[in-house]
Amino acid sequence: MGLLGGKTAVITGGAQGIGLAIAKRFVTEGARVVLGDLDEDALDVAVKELGGAGVTRGLRCDVTEAEEMAALLAGALDAFGALDIMVNNAGITRDATMRNMTEEQFDQVIAVHLKGCWLGTKQASLIMRERGGGSIVNISSLSGKVGMIGQTNYSAAKAGIVGLSKAAAKEVAHAGVRVNAVQPGLIRTAMTEAMPQKAWDQKMSEIPMGRAGEPDEVAKVVLFYASDLSSYMTGTVAEVTGGRLI
Ligand code: NDP
């Protein structure tokens, strides 16, 4: 059966990177998974990689649009008849120091991370509380804990996700819905591949374990929160950083 046998999960931004690694872990543990992402071609590839329509669906979804989020969650109910786990993972970066950052860059990042996470948490929890419970995992970042130069938009959004998760956890705990957050550090994905070498080296020098993390190392912690292994945990934040900036 696995840790997630018989469960259905929705993962936003699930076509690549950390989201896809989470999907792989979940499927290995017996879950059926619905991926929401902007990139339909990448979604098709991901669904095939995960084992096809029997266990996976991919739906185009812009997490900043309430109707599209609702359609994604309805897609999970239509395909697999349940919604037990929601992972709000979709993300972008629009880095620039504050003097150079445009309002558009600020608004885009707040919309995808903070509003997207709020829409996903709100809509998923409404469905889960009617069905007797569930687990919501929100992907924050170390940048939301310590603040990073060039990321006033991203740090604000990722810190906001922590507050959102704790407030939501208090609101829905009585209905059997848990809400937790994960703060990855430097993880090897398309998002960090674009980083200049100097910035990469600087970050590496801050990591006691001396290496970047792999997407699956985040996925394993998300699996812990999604499963009954964390049945008495809500409103918490797990750092997955190799000890960076502890
Ligand atoms: P990737 O860029 O590899 O994947 C993010 C996915 O989200 C992409 O497929 C992207 O699609 C999708 N996406 C972007 N905007 C939207 C949207 N509006 N609606 C739906 N999907 C969208 O990033 P990672 O896997 O590295 O990051 C995953 C999460 O982890 C993010 O929230 C990120 O902030 C967080 N994180 C990552 C860290 C890292 O070091 N990699 C560290 C800390 C946190 P498209 O490619 O089409 O834009």
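What counts as what
- The written sequence of each chain sets the order in which its residues are numbered from 1.
- Restriction of local features to residues with pLDDT of at least 70 applies here, the model being predicted, together with a cutoff of 80 or more for giving and counting side-chain atom pairs; totals for whole chains, interfaces and linings are based on all residues.
- Excluding hydrogens and water, the side-chain figures rest on all heavy atoms present in the structure.
- A run of H or I in DSSP counts as a helix once it spans at least four residues, and a run of E counts as a strand once it spans at least two, with each numbered from the N terminus.
- Between the two quantities, the radius of gyration covers C-alpha atoms and the globule rule is 2.2 Å times the number of residues to the power 0.38.
- Exposure is judged per residue with a 1.4 Å probe applied to protein chains only, and the accessible area is read against the type maximum: over 50% gives exposed, under 20% gives buried, and values in between give partly exposed.
- In this analysis, two residues are considered to be in contact whenever any of their non-hydrogen atoms come within 4.5 Å of each other.
- Residue-level accessible areas treat just the shown protein chains as cover; the underlying method is Shrake-Rupley with a 1.4 Å probe.
- UniProt positions are given in the numbering used here, feature names are shortened, and annotations may be inferred rather than shown by experiment.
- Put simply, a residue is near a molecule or strand once any heavy atom of it comes within 4 Å of that molecule or strand.
- Polar contact is the term for a pair of N or O atoms within 3.5 Å; when the atoms are in protein, one must be able to donate a hydrogen and the other to accept it, and sequence-neighboring residues count only if both atoms are side-chain atoms.
- At least two DSSP bridges between two strands are required for those strands to pair.
- Simply put, an axis is a line fit to the C-alpha atoms, just over the touching stretch for a helix, and the angle between two N-to-C directions goes from 0 to 180 degrees.
- When a carboxyl oxygen of Asp or Glu is within 4 Å of a side-chain nitrogen of Lys or Arg, the pair counts as a salt bridge.
- The definition of a right-handed crossover adopted here requires that, viewed with the strands pointing away, the path from the first strand over the helix to the second runs clockwise.

Overview of the overall build of the protein chain
Check the secondary structure of the protein chain and you find nine helices and seven strands. For 246 residues, the compact-globule estimate of 2.2 N^0.38 gives 18 Å, and the C-alpha radius of gyration of the protein chain, at 17 Å, lies within 12% of that figure. By residue count, 51% of the 246 residues in the protein chain fall in the buried class. Across the protein chain, contacts joining residues at least 24 apart in sequence account for 71% of those joining residues at least 6 apart. Of the roughly 11300 Å² of accessible surface on the protein chain, a fraction of 53% belongs to carbon and sulfur atoms.

Description of the UniProt feature "domain: Ketoreductase" (unreviewed entry) in the protein chain
Feature annotation in UniProt places "domain: Ketoreductase" (unreviewed entry) on residues 7–190, given in this structure's numbering. In the segment residues 7–190, helix accounts for 50% and strand for 18%; the C-alpha atoms at its two ends are 29 Å apart.

Here we look at the site of the ligand
Around the ligand, the structure places 29 residues, and the nearest of them are I18, D37, N89, Y154 and T189. The backbone of V63 places a nitrogen or oxygen atom 3.0 Å from a nitrogen atom of the ligand. Within the backbone of N89, one N or O atom sits 2.8 Å away from an oxygen atom of the ligand. Burial of the ligand by the surrounding chains reaches 89%, relative to a free accessible area of 890 Å².

Points about the sheet that holds strand β3 (residues 56–60)
Across the sheet, which stays open at both edges, the seven strands sit in the order β3-β2-β1-β4-β5-β6-β7 with parallel pairing between neighbours. The open sheet has two edge strands, β3 and β7 (237–240), and neither has a second partner. Across this sheet, the average inter-strand angle for adjacent strands is 15 degrees, counted without regard to direction. Where strand β5 (residues 134–139) lies against strand β6 (residues 177–184), six bridges are found, and the strand directions are parallel.

Quick word on the side chain of T241
Note on placement: T241 falls in the segment after β7. Once you skip the residues sitting within four places of it in the chain, T241 turns out to touch L142, Q183, P184, G185 and I207.

Some details on the pattern of salt bridges
Counted under the stated rule, the structure contains seven salt bridges. R25 is the partner of D216 in a salt bridge, and the nearest nitrogen-oxygen pair spans 2.8 Å. A residue pair is termed long-range when its members are at least 10 positions apart, and D216 in helix α9 (residues 215–226) and R25 in helix α1 (residues 17–28) qualify at 191 residues. D216 gets classed as partly exposed once you look at its relative accessible area, which sits at 29%. A salt bridge links K145 to E239; its shortest N-O distance comes to 2.7 Å.

Points about unusual backbone geometry
One non-glycine residue, L245, adopts positive backbone phi at about 60 degrees. Within the element layout of this structure, L245 appears in the segment after β7.

A few points about the pairing of β5
The element β5 is extensively covered by neighbouring structure, given that six of its six residues are classed as buried. Burial along β5 is two-sided: the residues G134, I136 and N138 and S135, V137 and I139 are all buried. In this structure, strand β4 (residues 85–88) lies alongside β5, joined through four bridges in parallel fashion. Bridge pairing in β5 links I85 to S135. Handedness of the crossover joining β4 and β5 through helix α4 (residues 103–130) is recorded here as right-handed.

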